[in-house]
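Chain by chain, the residues:
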Amino acid sequence: MIQYYLNIFGKLSVYKIYNFSLLFLSFHFSRWRGKVVQSGKPLFVSIEPTTSCNLRCPQCPSGLREFTRPTGMLNDAFFQSLILQLNKHLFSLTFYFQGEPYLNPDFLKMVAFANAQGIYTITSTNAHYLNEESAKATVNSCLNELIISVDGSQQESYSKYRVGGQFEKVIEGTKHILQQKKAVKSRFPHVVWQFIVFKHNESEIDDIKRLGKELGVNEVRIKTAQIYDYEHGEEWIPENPKYSRYEKTKAGTFKIKNKLLNQCWRMWQGCVITWDGKVVPCCFDKDAKYQLGELKHQSFASVWHSEEYNRFRQSILKGRNQIDICTNCTEGTKVWA
């Protein structure tokens, strides 16, 4: 883990630290004044390689095929032009929003380009496309962090949420990436097994930790689930409150545990970019309802500091409970193992 953190710090620069200071001060000054100030540029950006996915997860609009926005693939030339606008200040780039990243044939080429620009790179995958060849290409791309979704310790529990998935594919994919790392004596990617806790799999947490340790993954991360219809989420919400973002009411329905404050650090430190160049405020806007700019025709800087973006930030400070994507936001309720 020491080397993991050293690699993170290695992506910093004097300008990125200075930019972080601007963001931090802008955010807290905005909270204090109740009026938006934005002097910095984003440190963390998520970009969507594709909206396509091979699975049918029931709490995912990509899996449910419920998008109103188009399905497609991130174009490599567009991606590179975007990164050249961001590389000076961007610390971390997550290659994920919706969909399965490995379905984009240029995905690892884009990872390699971002790494060459001094950006920390992360992706999340269901591991069904991690064969020997793609695992080798992943290691060669210098991807910094690989999150593998493994929401069960056996096929029955895994496939209840990862509908259409094969637990053995996850195991095989994990083994391939670990073998390729070992073959070239690489410390990266940092391999994370991410286990989303639901009612049907909460008894398997110790099993997944043990299995992850046996295989040799770098980290097992336990994560609480976002439930769309959480008021009637009895089927999915864990009984152990430690692993739930929600609590039961006297009426027998559920409500979010945390208080919805009129502030959001995410609106100052980063954003999400869809495969076709739309800028949306965060990962809770899965259908890109709140489009704040369009990067095929605008520069990123003009979008980030635009009146439209600042109006959205202002609406957060004024009344976050009036914004639908915020009402199911439980930022800060992750559980780390």
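All of the points below concern the structure found in this document. (Residues numbered from 1 in each chain as written. Predicted model: local features only at pLDDT ≥ 70, side-chain atom pairs only at ≥ 80, totals over all residues. Heavy atoms only, no water.)

Let's talk about a nonpolar patch on the surface
A grouping of F9, L12 and I17 is seen on the molecular surface, where their side chains present a nonpolar patch of about 300 Å² in accessible area. By the element assignment, I17 lies in helix 2 (residues 14-33). Relative accessible area serves as the criterion here: at 46%, I17 is assigned to the partly exposed category. (Patch = residues over 30% accessible without salt bridge, like charges linked within 9 Å, V, L, I, M, F, W, Y side chains within 5 Å. Areas by Shrake-Rupley, 256 points an atom, 1.4 Å probe, with all protein chains shown as cover. Salt bridge = Lys/Arg side-chain N within 4 Å of Asp/Glu carboxyl O. Helix = DSSP H or I, 4+ residues; strand = E, 2+ residues; numbered from the N terminus. Buried < 20%, exposed > 50% of the residue type's maximum accessible area, 1.4 Å probe, protein only.)

Quick word on helix 9 (residues 205-215)
Burial in helix 9 covers these residues: I205, I208, L211 and G212. An end-on view of helix 9 places all buried positions within 130° of arc, on one side of the element. Of the residues in helix 9, the exposed ones pointing more than 90 degrees away from the buried face are D206, K213 and E214. Residues of helix 9 that are buried sit in contact with helix 8 (167-183), strand 5 (190-197) and strand 6 (219-224). (Arc of directions from axis to C-beta. Contact = heavy atoms within 4.5 Å.)

Points about the pattern of salt bridges
Working definition: two side chains of opposite charge can pair if their charged atoms are close together. Applying the stated criterion to the full structure yields 13 salt bridges. Across the pair E235 and K160 runs a salt bridge whose closest N-O atoms are separated by 3.4 Å. Of the two residues, E235 is situated in the loop between strand 6 and strand 7 (246-248) and K160 in helix 7 (residues 155-161); the sequence distance between them amounts to 75 residues. By relative accessible area, E235 is classed as partly exposed at 49%. When its relative accessible area of 36% is taken as the criterion, K160 is described as partly exposed. Among the ionic pairs, K248 bridges to E234, the shortest N-O distance being 3.2 Å. Here the residue K248 occupies a position in strand 7, and E234 occupies one in the loop between strand 6 and strand 7, the gap between them amounting to 14 residues. Among the ionic contacts, a cluster of salt bridges with common partners joins E145, E219 and R221.

Quick word on the sheet that holds strand 5
Two orientations exist for strands paired in a sheet by backbone hydrogen bonds: parallel and antiparallel. With respect to topology, nine strands assemble into an open sheet ordered 6-5-4-3-2-1-9-10-11, the strand pairing being mixed. Single-partner strands in this sheet number two, and they are strand 6 and strand 11 (293-294). Two strands pair when backbone bridges link them, and strand 5 and strand 6 are joined in this way by six bridges, in the parallel orientation. Looking across to strand 6, one finds that F195 is bridged to I222. (Pairing = 2+ DSSP bridges.)

Digging into the packing of aromatic side chains
Overall, the coordinates contain 19 aromatic pairs when judged by the stated rule. The interplanar angle of 80° and the centroid separation of 6.0 Å between the aromatic rings of Y161 and W236 together place this pair among those described as edge-to-face. Of this pair, Y161 sits in helix 7 while W236 sits in the loop between strand 6 and strand 7; the two residues are 75 residues apart in sequence, bridging distant segments of the chain. Judged by its relative accessible area of 7%, Y161 falls in the buried class. Assessed through its relative accessible area of 9%, W236 is described here as buried. Measuring from ring centre to ring centre gives 5.3 Å for F198 and W236, while their planes differ by 65°; the resulting arrangement is edge-to-face. In this pair, F198 sits in the loop between strand 5 and helix 9 while W236 sits in the loop between strand 6 and strand 7, placing the two residues 38 residues apart along the sequence. Judged by relative accessible area, which is 1%, F198 ranks as buried. One cation-aromatic arrangement involves K160 over W236; the distance from NZ or CZ to the ring centre is 5.5 Å. (Phe/Tyr/Trp six-rings, centres within 6.5 Å; stacked < 30°, edge-to-face > 60°. Lys NZ or Arg CZ within 6 Å of the ring centre and 35° of its normal.)

Points about the packing of helix 6 (residues 132-140) against helix 8
Where helix 6 contacts helix 8, the two axes come as close as 8 Å, and the packing angle between them is 50°. Taken together, the axes of helix 6 and helix 8 are oblique relative to one another. Note on packing geometry: the crossing formed by helix 6 with helix 8 is right-handed. Residues E132, A135, K136, T138 and V139 of helix 6 touch helix 8, and the partners they reach there are H176, I177, Q180 and K181. (Axes fitted to C-alpha atoms, helices over the stretch in contact; angles between N-to-C directions. Parallel < 35°, antiparallel > 145°, perpendicular 65-115°, else oblique. Left-handed = near helix turned anticlockwise from the far one by under 90°.)

Observations regarding the pairing of strand 9 (residues 270-273)
Judged by which residues are buried, strand 9 turns out to be covered on both faces: G270 and V272 on one side and C271 and I273 on the other are all buried. Pairing geometry for strand 9 and strand 10 (residues 278-280), over two bridges, is antiparallel. Its bridge partner lying in strand 10, V272 is registered against V280.

Details of unusual backbone geometry
With an omega dihedral of 10°, the bond running from F188 to P189 counts as a cis peptide bond. Here P189 is to be found in the loop between helix 8 and strand 5. One non-glycine residue with positive phi stands out, namely A288, at about 55°. By relative accessible area, A288 is classed as buried at 5%.

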